[in-house]
Amino acid sequence: MTTSAASTRMIVTGRPADTPSRRAGFQRREQLVSWAFLAPFLIAFALFLVWPIIHGIILSFTDQSLTGAGGAFVGFVNYAEALTDPVMWQSLWNTVWFTLLSTVPLVVIALLMAALVDRGIPGQWLWRLSFFMPFLLASTVISQIWVWIFNPQIGAANNILKALGLEPLAWLQNPETNMMSIVIATVWWTVGFNFLLYLAAMQNIPPQQYEAASLDGAGAWRQFWSITLPQLGPATVLILLLQILASLKLFDQAYQMLGGVASDTTRSIVQYIYEAGFTSYRFGYSAAISYVFFALIVIVGVAQALVTRRRKEQL
């Protein structure tokens, strides 16, 4: 735009001409405003996520103690010890075993609960509330509830067994039942979240599909098997992924229900990391174990992503 044309536009519109330099100034100001809005999040992200990760990696290569002693660089000594530590591998197996025991019922029971509510049983609001309410409770509350339920003398669990003519059990004291007791408490506590995810996915299925199937003579079971289940695939993959990641972080309910006393059958990998750092005072070794565990989680996540992508390509 020439100077005379810009002057003419300014006279006619009463505003400065839209020159390239003016547009560049606007763009710079917009970028500054954008960075100003992003700055609080970026600062918090760097302080509470990026820096702890970097600091943890550095710590894992030292012999730093909780008491402040040590701190010398020891290379891969901590990692070599972790990979040959039988307690760490037993803790990891306990975590995997808990994940296997809890994931299947948390998916299947949540699916059945969502199907019952979605089919229009009376009092839907009451069922939704009762199914989801335990998930809102804190882990300390859940742990205390189930400690009372599993109490060998006055607990409801043994009262039910006695009513059925069975022998009472020392649920939390017996190594053969303490892990299953934690699984039962966890399923009761967290199944409501998966229930909501499944219910939301079911309600997104067009009702015309069920109407057409009903006209063709398909019953409720056939509709569920041929219409509902195939369309719940993405929701099931999401629930499985979230559930596996949550189960691998087992700590709160196991620690609280057992009173902080770990055993060879219930010690999770997270609890062993806690014990190494805050009981044995070995911060460097604790950091090394945590990053070995993190690497295993990454491997599982990548493998699951590859399997999911391959299935989508086959479809």
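To start, this report covers the structure provided alongside it. (Residues numbered from 1 in each chain as written. Predicted model: local features only at pLDDT ≥ 70, side-chain atom pairs only at ≥ 80, totals over all residues. Heavy atoms only, no water.)

## Details of the side chain of T103
Counted only if it meets this: Counting from the N terminus, the helices are DSSP H or I runs at least four residues long and the strands are E runs at least two residues long. Whenever a nitrogen or oxygen atom comes within 3.5 Å of another N or O atom, the pair is scored as a polar contact, on the condition that within protein one atom can donate a hydrogen and the other can accept it, and that pairs from neighbouring residues in sequence are kept only if both atoms are in side chains. Contacts are assigned to residue pairs that have any heavy atoms within 4.5 Å of one another.
Tracing the backbone through its elements, the reader meets T103 in helix α4 (residues 86–118). Here T99 takes part through its backbone oxygen, which lies 2.6 Å from a polar atom of the side chain of T103. With residues up to four places along the chain from it excluded, the contact list for T103 reads L240, Q243, I244 and S247.

## Regarding a nonpolar patch on the surface
Applied cut-off: Each patch is built from residues that are more than 30% exposed by relative accessible area and take part in no salt bridge. Like charges join if they lie within 9 Å; nonpolar side chains (Val, Leu, Ile, Met, Phe, Trp, Tyr) join within 5 Å. The Shrake-Rupley method, run with a 1.4 Å probe, gives the accessible areas here. Residue values count only the displayed protein chains as cover. When a carboxyl oxygen of Asp or Glu lies within 4 Å of a side-chain nitrogen of Lys or Arg, that pair is called a salt bridge. Working definition: with a 1.4 Å probe on protein chains only, accessible area under 20% of the residue-type maximum means buried, over 50% means exposed, and in between means partly exposed.
Taken together, W35, L38, F41, L42, F45, L49, V50, W51, I53, I54, I57 and I58 make up a surface patch of nonpolar side chains, about 1100 Å² in accessible area. Here I57 lies in helix α2 (residues 20–60). When its relative accessible area of 37% is taken as the criterion, I57 is described as partly exposed.

## Some points on α2
Note: α-helices contain 3.6 residues per turn, so residues at a spacing of three or four share the same orientation. Here is the rule we go by: A residue's bend is given by the angle between axes fitted to the 7 residues ending at it and the 7 residues starting at it.
Along α2, the sharpest change in direction is near 40° and occurs at L38; proline P40 comes one to four residues later. Looking only at α2, the buried set comprises G25, G56, L59 and S60.

## Quick word on the nonpolar core
Going by this rule: To form a nonpolar core, buried Ala, Val, Leu, Ile, Met, Phe, Trp, Tyr and Cys residues must be joined to one another through side-chain atoms within 4.5 Å.
Ranked by size, the top nonpolar core spans 38 residues in total, and within it F150, I182, F195, Y198, M202 and M257 carry the most contacts. Put simply, the parts of the chain that give this core at least two residues each are α4, α6 (139–149), α7 (156–163), α8 (178–203), α11 (233–248) and α12 (252–257). It is α8 that contributes the most residues to this core, twelve residues altogether. Once residues within four sequence positions are removed from consideration, Y198 is found in contact with V107, A110, L111, A114, L232, T236 and I239. In this structure, A82, Y272, Y285 and A288 belong to the second largest nonpolar core, which totals 16 residues.

## Description of the packing of helix α5 (residues 124–132) against α8
A pair of packed helices is captured by two measures, namely the crossing angle of their axes and the spacing between those axes. Using the following cut-off: For helices, the fitted line uses only the C-alpha atoms of the stretch in contact; every axis is such a line through C-alpha atoms, and the angle between N-to-C directions lies from 0 to 180 degrees. By definition in this entry, angles of less than 35 degrees are roughly parallel, angles greater than 145 are roughly antiparallel, angles of 65 to 115 are roughly perpendicular, and the rest are oblique. Note on residue classes: Ala, Val, Leu, Ile, Met, Phe, Trp, Tyr, Cys and Pro are nonpolar, Asp, Glu, Lys and Arg are charged, and everything else, Gly too, is polar.
Contact geometry for α5 and α8: axes closest at 8 Å, N-to-C directions at 140°. Relative to α8, the element α5 lies oblique. Here α5 contributes R128, F131 and F132 to the contact with α8, which in turn contributes G192, F193, F195, L196, L199 and Q203. Of the residues in the contact of α5 with α8, the class split is six nonpolar, two polar and one charged.

## Concerning the environment of Y79
Along the chain, Y79 falls in helix α3 (residues 77–83). In this view, Y79 contacts S60, F61, A288, Y291 and V292; residues no more than four positions away in its chain are not counted.

## Focus on the pattern of salt bridges
Inspection of the entire model under this criterion finds three salt bridges. A salt bridge links R267 to D264; the shortest N-O distance between them is 3.9 Å. Judged by its relative accessible area of 15%, R267 is buried. Overall, the relative accessible area of 55% leaves D264 in the exposed class. In this structure, the salt-bridge partner of R267 is E275, at a minimum N-O distance of 3.0 Å. With relative accessibility at 17%, the residue E275 sits in the buried group. In this structure, a network of salt bridges that share partners links the residues D264, R267 and E275.

## Regarding the packing of aromatic side chains
As a reminder of what qualifies: Classification of ring pairs rests on two measures: the distance between centres of Phe, Tyr or Trp rings, Trp counted by its six-membered ring, which must be within 6.5 Å, and the angle between planes, read as stacked under 30 degrees, edge-to-face over 60 and tilted in between.
Enumeration according to the criterion identifies 21 aromatic pairs in this entry. Plain terms: the ring middles of F251 and Y274 are 5.7 Å apart, the flat faces sit at 55° to each other, and that makes the pair tilted. Here Y274 lies in helix α13 (residues 269–278) and F251 lies in the loop between α11 and α12, a separation of 23 residues in the sequence. Aromatic pair Y291 and F294: ring centres 6.5 Å apart, planes at 80°, arrangement edge-to-face. Of this pair, Y291 and F294 are both found in helix α14 (residues 283–314), three residues apart, which corresponds to roughly one turn of the helix. Assessed through its relative accessible area of 52%, F294 is described here as exposed. Within the aromatic cluster, the residues linked to one another by ring pairs are F251, Y255, Y274, F278 and F283.

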